[in-house]
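# Coordinate inspection notes
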Amino acid sequence: RIEPEQQPLLLQEIRNILTEVGAHNVDIYNQTYWDWQNKNLPTGKSYVYAAWDADKIIGYYHIPVYKCSINGEEKLIGNIQDVAVNPNYRGIGLFRQLAEFANKDLDDSVVDCIYTFPNGKSIRTFLKYNDFKTVCAVPTLIRPVNSGGILSSKIKLLGIEKVAGWLADSLLNLFSSNIRINNATIERVDEITDEVQAVFHEYSAQFPNHLIRDKAWLNWRYVRSVRGKHHILTIRESGVLAAVAVLKEDEMLGNPSSLLMDFAHLNGKQDAMLYLIDEIRKQPSLVGCDFNLLFSSAITPTLSSFKKIGFLEIPERFNPRILNLLSRSASDMSSKSIQSKNNWLLTLGDWDVF
């Protein structure tokens, strides 16, 4: 494990490795980000491991810890998210050794279970050496908002791409449901309230396994995030807060995008949430920025309902950034529940790379 006095050295080596591999997030990896991710999270628990060659750090492995619900019982879940090996030390089994050390240490800790989202290159190590099991690939949906802008970012055909984009948007809108909600009011919020927490609590309660999205976690994850600007929008139906959506400004497929990081609705108010998301699509000013597409990736039956308002699912073979959910028990807890896709609620908020 990394000791507190070694943390500045680790931070510098992380920046060196990220620079060498051309990672997109090197600019934000500073002391402020480190403190937010590893010290200021609601549980106050984060496990950080490093591999050394003499006095040089050559690999690292991070596991922040969150409160979760597994089969209705409060547990602690570790999220393996920042892992890397110095390019000069790859191909010699170093990552395997580092992962085995970290996972053995976690088995002896207070953490009950672990989940992670490796890419296609690193998934083999988790499955072969650390007893993880694949739960599923996480479905990904996009909703084009300005197809002309998307096409223009890829090709230039004397303006034909703009006409083609307009036609594509018109057809997509034509075949999308026009959901109506009576007495609807859309509001922005800058702090998580008891009302917002209650909506997330009621929605999450439908699923045996989920992160506990209470005020502490939601405020830390979105309101006080150092990973870009988040926007929290709510909808009231006849005065009752019915649904919430959390969006993040980002770039996707080379286009300005709005990522649907989290969402929730009261029981029986799914249409209110769909109406909210569709109004955001129609009125980008609600989030305060223009974007060419909406993007979401999640495990929940609710995701399929997004297709009513024009979202399109990206087939796995065409998805350039596919998520794979892997899990394993780190205690005497049975692994059966956490290895079933149908038990999970998972959103982009679980996956901290964005």
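Residues numbered from 1 in each chain as written. Predicted model: local features only at pLDDT ≥ 70, side-chain atom pairs only at ≥ 80, totals over all residues. Heavy atoms only, no water.

### With respect to the pairing of strand 5 (residues 113–116)
Side chains Cys113 and Tyr115 of strand 5 all project onto a buried face; the interleaved residues Ile114 and Thr116 project onto the opposite face, where all are buried too. Alignment of strand 3 (residues 73–80) against strand 5, held across four bridges, turns out to be parallel. Bridging from a neighbouring strand, Gly78 pairs with Ile114 of strand 5. Of the strand pairs in this sheet, strand 5 and strand 15 (residues 323–329) are connected by four bridges, and their pairing is antiparallel. Bridging across to strand 15, Cys113 finds its partner in Ser329. (Buried < 20%, exposed > 50% of the residue type's maximum accessible area, 1.4 Å probe, protein only. Helix = DSSP H or I, 4+ residues; strand = E, 2+ residues; numbered from the N terminus. Pairing = 2+ DSSP bridges.)

### So, the packing of aromatic side chains
One pass over the full model with this rule turns up 17 aromatic pairs. Ring centres of Phe117 and Trp351 lie 6.5 Å apart, and the angle between their planes is 70 degrees; on these two criteria the pair is classed as edge-to-face. Placement of Phe117 in the loop between strand 5 and helix 4 (123–129) and of Trp351 in the segment after strand 15 is noted, with a sequence separation of 234 residues between them. A connected cluster of aromatic rings, assembled from ring pairs, spans Tyr29, Tyr33, Trp36, Tyr66, Trp217, Trp220 and Tyr222. Sitting over the face of the ring of Phe132, Arg328 holds its NZ or CZ atom 5.5 Å from the ring centroid. (Phe/Tyr/Trp six-rings, centres within 6.5 Å; stacked < 30°, edge-to-face > 60°. Lys NZ or Arg CZ within 6 Å of the ring centre and 35° of its normal.)

### Describing the layout of surface pockets
The calculated volume of the largest pocket comes to roughly 1400 Å³. Put simply, the parts of the chain that give the lining of the largest pocket at least two residues each are helix 1 (7–20), strand 3, strand 4 (83–85), helix 3 (94–107) and helix 4. Looking at the lining of the largest pocket element by element, the count peaks at four residues for helix 4. (1 Å grid on protein atoms, 1.4 Å probe; cavity = no way out; pocket = protein on both sides within 12 Å on 5 of 7 lines; lining within 4 Å. Points joined across faces, edges and corners; volume = space filled by probe spheres on them.)

### Let's talk about a nonpolar patch on the surface
A surface patch of nonpolar side chains, about 340 Å² in accessible area, is lined by Val163, Trp166 and Leu167. Checked against the element boundaries, Val163 lands in helix 6 (residues 160–174). (Patch = residues over 30% accessible without salt bridge, like charges linked within 9 Å, V, L, I, M, F, W, Y side chains within 5 Å. Areas by Shrake-Rupley, 256 points an atom, 1.4 Å probe, with all protein chains shown as cover. Salt bridge = Lys/Arg side-chain N within 4 Å of Asp/Glu carboxyl O.)

### A closer look at the environment of Ser304
Within the secondary structure layout, Ser304 lies in helix 10 (residues 302–305). The class of Ser304 is partly exposed, set by a relative accessible area of 48%. Ser304 sits 163 residues away from Leu141 along the chain, and the two C-alpha atoms are 9.0 Å apart. Engagement of the side chain of Ser304 in a polar contact is seen with the backbone oxygen of Pro301, the distance being 2.8 Å. (Polar contact = N/O pair within 3.5 Å; in protein donor to acceptor, adjacent residues only side chain to side chain.)

### Overview of the nonpolar core
Counting 92 residues, the largest nonpolar core has Tyr115, Phe306 and Leu325 as the members making the most contacts within it. With residues up to four places along the chain from it excluded, the contact list for Tyr115 reads Tyr66, Ile77, Gly78, Asn79, Ile80, Leu211, Leu325, Leu326, Ser327, Trp344, Leu346 and Asp350. Within the second largest apolar cluster, 24 residues are counted, among which are Tyr47, Val85, Leu106 and Phe126. (Core = buried A, V, L, I, M, F, W, Y, C linked by side-chain atoms within 4.5 Å. Contact = heavy atoms within 4.5 Å.)

### Some remarks on helix 7 (residues 194–204)
Turning to helix 7, its buried residues number three or more, namely Val196, Val199, Phe200, Tyr203 and Ser204. Buried residues in helix 7, looked at end-on, bunch into an arc of 125 degrees, giving them a common side. For helix 7, the exposed residues set more than 90 degrees away from the buried face come down to Asp194 and His201. Buried positions along helix 7 lie against strand 9 (209–211), helix 8 (215–223), strand 10 (230–237), strand 11 (240–252), strand 12 (255–265) and helix 10. (Arc of directions from axis to C-beta.)

### Looking at the state of the cysteines
For the structure shown, the criterion picks out zero disulfides. In this structure Cys68 is not part of a disulfide, and its nearest cysteine sulfur, from Cys113, lies 4.4 Å away. On the basis of relative accessible area, Cys68 is assigned to the buried category, the value being 1%. Judged by relative accessible area, which is 1%, Cys113 ranks as buried. (Disulfide = S-S within 2.5 Å.)

### So, the side chain of Glu279
Here Glu279 lies in helix 9 (residues 270–282). In this structure Glu279 comes out as buried when scored by relative accessible area, which is 11%. For Glu279, the residues in contact, after removing those within four places along its chain, are Ile186 and Leu286.

### Things to note about the side chain of Arg281
Here Arg281 is to be found in helix 9. Engagement of the side chain of Arg281 in a polar contact is seen with the side chain of Asn173, the distance being 3.3 Å. Each residue touching Arg281, except ones within four places of it in the same chain, is listed here: Arg143, Val145, Asn173 and Leu294.

### Here's the deal with unusual backbone geometry
Positive phi, close to 55 degrees, is recorded for Asn183, a residue that is not glycine. You can see Asn183 is positioned in the loop between helix 6 and strand 8 (184–189). Located in the positive-phi region is Ser238, a residue other than glycine, with phi close to 55 degrees. With respect to the helices and strands, Ser238 occurs in the loop between strand 10 and strand 11.

### Observations regarding empty space enclosed by the protein
Scanning the entire structure with this criterion turns up one cavity of 30 Å³ or more. Volume-wise, the largest cavity comes out at about 50 Å³. Lining the largest cavity are Pro42, Thr43, Tyr66, Lys67, Ile212, Asp214 and Trp217. Considering only residue class, the lining of the largest cavity consists of four nonpolar, one polar and two charged. (Nonpolar A, V, L, I, M, F, W, Y, C, P; charged D, E, K, R; others polar.)

Purely geometric stuff here, so don't read any function into it on its own.
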